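What follows is each chain in one-letter form.
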Amino acid sequence: MEATQKILKLIADETGFPFVASSLQKILSLTGSDATSTHELVDAVLDHIALTERLLKIANSVSVSRGGPPVGTVNGAVLVTGFDTVRAISTALLALQGFERYGHRSRWLPEFKVALLAAQVARQMAASAGFSVAEDCATAALFRGVGRILAAAVAPEDVEAVQAQGAQQGQALELASRARFGLPYATLTRKALQAWNLPSLLQQRAVPLDPGPRNAPGGSDDWIAGMSSLAYAMAETANYTADQRDQRLLRLQAEYGALAGDSVAASTDLLNGALHEVQRILAVIEPELESGIATLPPAALRAPAFFLVPPPASRRAAIRRRASSRVTAPASAPLGRVALISPSVT
């Protein structure tokens, strides 16, 4: 298929995502917060001007919200937000920067937002379960969307058709994408991650798994892959109508068991909180990335709660109270224009 060949050509384009791949490899390989790892992280960030500027915007927003001084260096950003947070932010921002090299941002940006939302959903689910692998789950969920993002850069109309078919039939998009492109999104993702020499462990965690309860201890590769797969499936529903979303969430609960939560309302609440955080961080990075951010209270623009840190129980309760009273955009509106998702099943 012509579109598929264009995607494969895009993957092989050395002037595209591979421009940031080596820095991503370095950042993803860092596991400790000692002085050596911190130094390597700072060096990797400073290799990219756009990444440095965006990271400092986030660090400044956090510091100012806490009553602290402005942050002018990457080292300062690590001190203010922590090593793990800077590492996770840098991973997401470098991925964004890599895709930006392909141009046509309006085509693929909605899919990148879905990937960001999936990462936050995975992060919050893993953290709520009490496991220390929240960032591993988030990273796997983020890169699970690579195939879709590349497809959107080449053939946005085909991606929209796949999305519509998935929403109408309440199924995962792998079958629909295979019919449309000749290859499922997961295969495109795997080909890209391999071509870009990203860590083999990330490649393993980004492949789809058969649905079913994940009973392995938190931290196993199978469990992380299952969590990221579920998170992405949940994030996809942000663009569905309320009825379509509820039906899909019910099916996910049947497929994934307790990992998917105990009710559609709980899953919707999780999506609300995750979407809220993604919107706020995008507004700090670059306001035009998030056109729907104007629906959020002005304080949110000044002091983002940080999409990399799961909100505490008290804040989740506050989100639920606000969600019950906030006027929202239509549930079928594209991600990026939705204020919050309205739960319709209790």
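Computed from a predicted structure; not experimentally measured.

### Things to note about the packing of helix 7 (residues 105-128) against helix 8 (residues 134-144)
Part 1 of the reasoning: Two numbers describe how helix 7 lies on helix 8: the axes approach to 7 Å, and their chain directions differ by 155°. In terms of axis orientation, helix 7 runs roughly antiparallel to helix 8. Where helix 7 crosses over helix 8, the two elements pack in a sense that is right-handed. Only A134, E135, C137, A138, A141 and L142 of helix 8 make contact with helix 7, whose side of the interface consists of A115, L116, A118, A119, A122, R123, A126 and A127.
Part 2 of the reasoning: Each residue belonging to the contact of helix 7 with helix 8 can be placed in one class, and the counts come to twelve nonpolar, no polar and two charged.

### Observations concerning the nonpolar core
Part 1 of the reasoning: Counting 103 residues, the largest nonpolar core has F99, F143, L150 and W196 as its most contacted members.
Part 2 of the reasoning: The greatest single-element share of this core, amounting to 13 residues, is contributed by helix 7.
Part 3 of the reasoning: In contact with W196, other than residues within four places in its own chain, are I11, F17, P18, A21, Q25, F99, Y102, V146 and L150.

### Side note on a negative patch on the surface
Part 1 of the reasoning: Together, D34, E40, D43 and D47 give the surface a local cluster of negative charge.
Part 2 of the reasoning: With respect to the element layout, D43 can be found in helix 3 (residues 35-46).

### Description of the confidence of the model for the protein
Part 1 of the reasoning: When pLDDT is averaged along the protein, the result is 77; 77% of the residues meet or exceed 70.
Part 2 of the reasoning: The least confident element of the protein is helix 17 (residues 298-302), whose mean pLDDT is 30; the most confident is helix 9 (residues 146-154), at 93.
Part 3 of the reasoning: Low pLDDT (under 50) marks residues 291-346, which in the prediction has 120 contacts with non-local residues, meaning those over four places away or in another chain.

### Quick notes on the packing of helix 3 against helix 4 (residues 49-65)
Part 1 of the reasoning: Between helix 3 and helix 4, the least distance of the axes is 7 Å, while the angle of their chain directions is 115°. As summarised for this structure, helix 3 and helix 4 are arranged roughly perpendicular, according to the angle between their axes. Together, A44, V45 and L46 of helix 3 and L51, T52 and L55 of helix 4 make up the contact between the two elements.

### Overview of the side chain of T52
Part 1 of the reasoning: By secondary structure assignment, the location of T52 is in helix 4.
Part 2 of the reasoning: Of note is the side chain of T52, whose polar atom sits 3.0 Å from the backbone oxygen of V45.
Part 3 of the reasoning: Among all residues touching T52, those that are not within four sequence positions of it are V45, L46 and V74.

### Examining the pattern of salt bridges
Part 1 of the reasoning: Taken as a whole, this structure holds nine salt bridges when the rule is applied.
Part 2 of the reasoning: The salt bridge involving E100 is made with R54; its shortest N-O contact spans 2.9 Å. Of the two residues, E100 sits in helix 6 (residues 83-100) while R54 sits in helix 4, which places them 46 residues apart along the sequence.
Part 3 of the reasoning: Judged by relative accessible area, which is 24%, E100 ranks as partly exposed.
Part 4 of the reasoning: Here R205 and D136 are joined by a salt bridge, their closest N and O atoms 3.9 Å apart. With R205 in helix 13 (residues 200-205) and D136 in helix 8, this pair connects stretches of sequence that are 69 residues apart.
Part 5 of the reasoning: Taking relative accessible area as the criterion, R205 reaches 11% and is therefore assigned buried.
Part 6 of the reasoning: One connected set of salt bridges, linked through shared partners, spans R54, E100 and R105.

### Remarks on unusual backbone geometry
Part 1 of the reasoning: For H104, which is not glycine, the phi torsion reads 50° and is therefore positive.
Part 2 of the reasoning: Overall, the relative accessible area of 47% leaves H104 in the partly exposed class.
Part 3 of the reasoning: Of note, N197 is a non-glycine position whose phi angle comes to about 55°, a positive value.
Part 4 of the reasoning: Looking at the secondary structure, you find N197 in the loop between helix 12 (185-195) and helix 13.

Thresholds applied
- Residues numbered from 1 in each chain as written.
- Predicted model: local features only at pLDDT ≥ 70, side-chain atom pairs only at ≥ 80, totals over all residues.
- Heavy atoms only, no water.
- Axes fitted to C-alpha atoms, helices over the stretch in contact; angles between N-to-C directions.
- Helix = DSSP H or I, 4+ residues; strand = E, 2+ residues; numbered from the N terminus.
- Parallel < 35°, antiparallel > 145°, perpendicular 65-115°, else oblique.
- Left-handed = near helix turned anticlockwise from the far one by under 90°.
- Contact = heavy atoms within 4.5 Å.
- Nonpolar A, V, L, I, M, F, W, Y, C, P; charged D, E, K, R; others polar.
- Core = buried A, V, L, I, M, F, W, Y, C linked by side-chain atoms within 4.5 Å.
- Buried < 20%, exposed > 50% of the residue type's maximum accessible area, 1.4 Å probe, protein only.
- Patch = residues over 30% accessible without salt bridge, like charges linked within 9 Å, V, L, I, M, F, W, Y side chains within 5 Å.
- Areas by Shrake-Rupley, 256 points an atom, 1.4 Å probe, with all protein chains shown as cover.
- Salt bridge = Lys/Arg side-chain N within 4 Å of Asp/Glu carboxyl O.
- Lys, Arg positive; Asp, Glu negative; His and termini not counted.
- Charge placed at Lys NZ, Arg CZ, Asp CG, Glu CD.
- pLDDT = per-residue confidence, 0-100.
- Polar contact = N/O pair within 3.5 Å; in protein donor to acceptor, adjacent residues only side chain to side chain.

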